[in-house]
Amino acid sequence: MTTEQEQLKDYMRLPAEVLYREELEALRKEDKGNIPAGWQMSPRAVLTFIAGGKAGKKVITPKYIGNTRLIEMAVATLVTDRALLLIGEPGTAKSWLSENLAAAIYGNSGLVVQGTAGTSEEHVRYSWNYAMLLANGPTPEALVKSPIMRAMEDGGIARFEEISRCASEVQDALISILSEKTISVPELGKEAGARKGFSIIATANTRDRGVNEMSAALKRRFNIIVLPAPADIETELSIVKKRVAEIASSYNLGAAVPADEALLKVVTIFRELRSGMTLDKKEKVKTPAGVISTAEAISLLTNSMALAASFGDGELTDRDLAAGLQGAVVKDDDKDKLVWKEYLDNVMKKKGAEWRGLYQACKEMNE
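Only a predicted model underlies this, so the values are computations on that prediction, with no experimental measurement involved.

So, on to the environment of Asp-345. Looking at the element boundaries, Asp-345 is found in helix H16 (residues 334-346). The spacing of Asp-345 and Tyr-359 is 14 residues in sequence and 8.7 Å in space, taken between C-alpha atoms. The contacts of Asp-345, once residues within four sequence positions are left out, are Lys-350, Tyr-359 and Lys-363. A polar contact of 3.3 Å, which involves the side chain of Asp-345, links it to the side chain of Tyr-359.

Structure below.
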């Protein structure tokens with residue numbers, strides 16, 4: 001193991017371009033397609049990186065499990081001068097897809113603007129080093145470039161996470177950037193222009209509708225792709241199983257990866273609570289106020305593994321799962337507690353002998 005690999009072992013989370021470096025190198029080496037200006041590989045190679053496949057003898061693991069046509073549309077958008085907006089429910093892998101697209105196309109997924117109520121126009125355009133500004137006035141050295149400005153000048157990909165959480169004036173600062181492909185710096189009497197390859201991948205949460213609704217003018221500057229929740233239980237199981245194994249390996253949790261039976265139980269509970277209906281369509285189920293997403297299921301299982309490793313023998317038990325389920329479903333809300341109690345008594349209790357241990361453990365947690 002090299003010195004660099006030893007150092008990387010200490011990081012809790014690696015960016016996609018580092019985590020999948022060997023796959024990206026193999027794809028670039030085997031790439032025979034036409035590579036757009038500013039890109040590191042062809043659109044077909046980007047698709048293989050995201051959807052999975054092979055590059056020579058190297059197996060490329062899928063980063064997004066779902067409708068491949070959506071990935072094709074996203075990649076095709078970024079070939080043009082259009083920006084990309086990924087919309088979906090929480091936990092539909094918007095940020096994960098955004099990161100991996102940027103890693104494959106540009107080789108750097110770290111040029112990110114995080115949308116919050118406190119995000120200002122300076123985060124989108126530029127700001128100043130005020131000590132240098134006071135000492136020498138506006139100079140190029142005093143200019144603090146935003147991630148978007150840096151991506152423009154380098155012909156790269158910038159990411160704008162949770163764009164609908166920003167105030168409308170911050171969102172509107174993007175309109176001229178996406179239209180004119182420049183950022184004006186009047187203090188220096190110059191404009192920063194975009195090199196070929198520049199684009200922005202933004203994400204928005206459907207649960208945030210009404211927070212800061214995007215204007216029609218801004219929406220027109222994006223190609224919008226809606227990422228759905230996993231269409232069937234088999235797809236969701238595949239996603240959960242893959243991500244839990246990856247996270248467990250990265251964190252070295254010291255617990256056995258959950259058996260397929262445990263995964264199936266968690267995914268079944270989440271799908272039934274999310275949809276408001278049992279999987280067999282025979283009984284309606286009340287839905288909790290909080291988010292019951294695939295990402296939450298992954299987090300629940302990894303936390304349960306941490307419990308099993310830290311305070312058990314490393315084997316996941318019903319009590320470990322029950323503790324995770326309680327926290328995932330009941331989020332400081334009396335309504336959620338009632339919803340969960342009714343689900344336990346009216347649905348889980350009737351599922352048969354193989355569910356009895358989990359039912360009893362959940363009942364104890366909910367008392």
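Of all the residues in helix H4 (residues 43-51), the buried ones are Ala-45, Val-46, Leu-47, Phe-49 and Ile-50. Buried residues in H4 make contact with helix H3 (21-30), strand E2 (58-60), helix H5 (68-79) and helix H6 (94-106). At the exit of H4 stands Gly-52, carrying a positive phi of roughly 95°.

The strand order across the open sheet formed by five strands is E4-E7-E10-E3-E11, and the pairing between neighbours is parallel. Lying at the two open borders of the sheet, with one neighbouring strand each, are strand E4 (112-114) and strand E11 (222-227). Ignoring which end each strand starts from, the neighbouring axes of this sheet average 20° apart. Across three bridges, E4 lies against strand E7 (residues 157-161) in parallel orientation. When the sheet's bridge partners are listed, Val-112 is paired in E7 with Arg-159. The strands that H6 touches are strand E3 (83-88), E7, strand E10 (199-205) and E11; relative to E7, the one it contacts most, it runs at about 170°.

Applying the stated criterion across every chain yields a total of 17 salt bridges. Of the charged contacts in the structure, one is a salt bridge between Lys-241 and Asp-260, with a shortest N-O distance of 3.1 Å. Placement of the pair is Lys-241 in helix H12 (residues 233-251) and Asp-260 in helix H13 (residues 260-275), with a sequence separation of 19 residues. Judged by its relative accessible area of 48%, Asp-260 falls in the partly exposed class. For Lys-286, the salt bridge identified is with Glu-342, shortest N-O distance 3.3 Å. Of this pair, Lys-286 sits in the loop between H13 and helix H14 (294-311) while Glu-342 sits in helix H16; the two residues are 56 residues apart in sequence, bridging distant segments of the chain. Beyond isolated ion pairs, a larger network of salt bridges with shared partners links Glu-236, Arg-271 and Arg-274.

Consecutive side chains along a regular strand alternate between the two faces of the sheet. Burial within E10 is extensive, with seven of its seven residues counted as buried. Burial along E10 is two-sided: Ser-199, Ile-201, Thr-203 and Asn-205 facing one way and Ile-200, Ala-202 and Ala-204 facing the other are all buried. Across five bridges, the pairing between E3 and E10 is parallel. If you follow Leu-86 over to E10, its bridge partner there is Thr-203. As judged from the four bridges shared by E7 and E10, these two strands associate in the parallel manner. Across the sheet, the residue bridging to Phe-160 is Ala-202, located in E10.

Below, the discussion takes up the nonpolar core. Leu-101, Ile-148, Phe-160, Ile-163, Leu-174 and Phe-222 are the most contacted members of the largest nonpolar core, which has 68 residues in total. Among the elements that take part in this core, H6 stands out by supplying eight residues, more than any other. Apart from the residues within four sequence positions on either side, Leu-174 is in contact with Val-124, Ile-148, Phe-160, Ile-163, Ile-200, Leu-218 and Phe-222. The next biggest cluster of nonpolar side chains, apart from the first, holds 38 residues, and it includes Val-240, Val-244, Ile-292 and Cys-362.

With domains assigned, the protein chain is organised as domain 1 (1-226) and domain 2 (233-366). Between the C-alpha centres of domain 1 and domain 2 there is a distance of 33 Å. Counting residues at the interface gives eight residues for domain 1 and 14 residues for domain 2. Around 830 Å² of area is buried between domain 1 and domain 2 when both sides are counted, 59% of it from carbon and sulfur atoms. At the junction of domain 1 and domain 2, the tally comes to zero salt bridges. At the junction of domain 1 and domain 2, the tally comes to one residue pair in polar contact (both at pLDDT 80 or more). Broken down by class, the residue content of the side of domain 1 that touches domain 2 amounts to six nonpolar, one polar and one charged.

On the secondary structure map, Glu-99 appears in helix H6. The contact partners of Glu-99, leaving out residues within four places of it in the chain, are Arg-13, Leu-14, Pro-15, Ala-16, Ser-109 and Arg-159.

With the exception of glycine, most residues fall at negative phi, and the peptide bonds are largely trans. Backbone geometry at Glu-162 places phi at a positive 55°, although glycine is not the residue there. Among the structural elements, Glu-162 can be located in the loop between E7 and helix H10 (168-180). Despite not being glycine, Lys-281 has its phi angle at roughly 65°, a positive value. One can find Lys-281 in the loop between H13 and H14.

Each value, and the rule that gives it
- Residues numbered from 1 in each chain as written.
- Predicted model: local features only at pLDDT ≥ 70, side-chain atom pairs only at ≥ 80, totals over all residues.
- Heavy atoms only, no water.
- Helix = DSSP H or I, 4+ residues; strand = E, 2+ residues; numbered from the N terminus.
- Contact = heavy atoms within 4.5 Å.
- Polar contact = N/O pair within 3.5 Å; in protein donor to acceptor, adjacent residues only side chain to side chain.
- Buried < 20%, exposed > 50% of the residue type's maximum accessible area, 1.4 Å probe, protein only.
- Pairing = 2+ DSSP bridges.
- Axes fitted to C-alpha atoms, helices over the stretch in contact; angles between N-to-C directions.
- Salt bridge = Lys/Arg side-chain N within 4 Å of Asp/Glu carboxyl O.
- Core = buried A, V, L, I, M, F, W, Y, C linked by side-chain atoms within 4.5 Å.
- Domains from an automatic or database assignment.
- Buried area = accessible area lost by both parts, 1.4 Å probe.
- Nonpolar A, V, L, I, M, F, W, Y, C, P; charged D, E, K, R; others polar.

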